[in-house]
Amino acid sequence: MWGYIIIGFVLMWVLQIVLSAFQLKHYNKTIREMSQGKSGYLGVGVDKRRFGVGSVVIIVCDKDGYVTESKTLEGVTVFQRFKENKTILNEHIDGLLNDDHEHFSVATKMAVDKIYSQMVV
């Protein structure tokens with residue numbers, strides 16, 4: 001009996017590793033595609049939660065600071081995929097830092113902070 005339980009746990013663990021590898025491959029592909037655009041800046045923000053829905057936000061902006069492309073991944077499973085976030089397109093990244101902005105999140109703030117650090121250098 002215990003042997004079957006242990007084998008079941010090992011199989012679930014291996015399945016988790018395989019599915020996580022597929023999600024990481026999708027993440028890397030998305031980053032690669034978004035970074036091959038016109039000149040500008042790319043920022044990635046992550047909001048990891050121990051319990052609840054986590055998110056990853058990727059923002060690409062031009063040299064003037066206007067968002068040209070944005071994708072968001074939200075969910076609790078490895079089956080989630082990046083979705084186009086058209087609601088912040090053509091907005092200036094300064095406006096995304098306001099707490100009262102409807103699309104403000106920890107991940108968005110982190111992505112914008114990374115873009116700012118690239119702009120200053």
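Rules and cut-offs
- Residues numbered from 1 in each chain as written.
- Predicted model: local features only at pLDDT ≥ 70, side-chain atom pairs only at ≥ 80, totals over all residues.
- Heavy atoms only, no water.
- Helix = DSSP H or I, 4+ residues; strand = E, 2+ residues; numbered from the N terminus.
- Buried < 20%, exposed > 50% of the residue type's maximum accessible area, 1.4 Å probe, protein only.
- Core = buried A, V, L, I, M, F, W, Y, C linked by side-chain atoms within 4.5 Å.

1. Digging into unusual backbone geometry
Non-glycine residue Asn90 carries a positive phi angle of around 65 degrees. With respect to the helices, strands and loops of the structure, Asn90 is situated in the loop between strand S4 (83–84) and helix H2 (106–120). Since its relative accessible area comes to 64%, Asn90 is described here as exposed.

2. What to know about the nonpolar core
Counting residues in hydrophobic clusters, the biggest one holds 12 residues: Tyr41, Val57, Ile59, Cys61, Val67, Ile88, Ile93, Leu96, Ala107, Ala111, Val112 and Ile115. Of all elements in the fold, only strand S2 (54–61) and H2 reach the threshold of two or more residues within this core. Top contributing element to this core by residue count: H2, with 4 residues. Of all hydrophobic cores here, the second largest spans 8 residues; its members include Ile31, Val56, Leu73 and Phe82.

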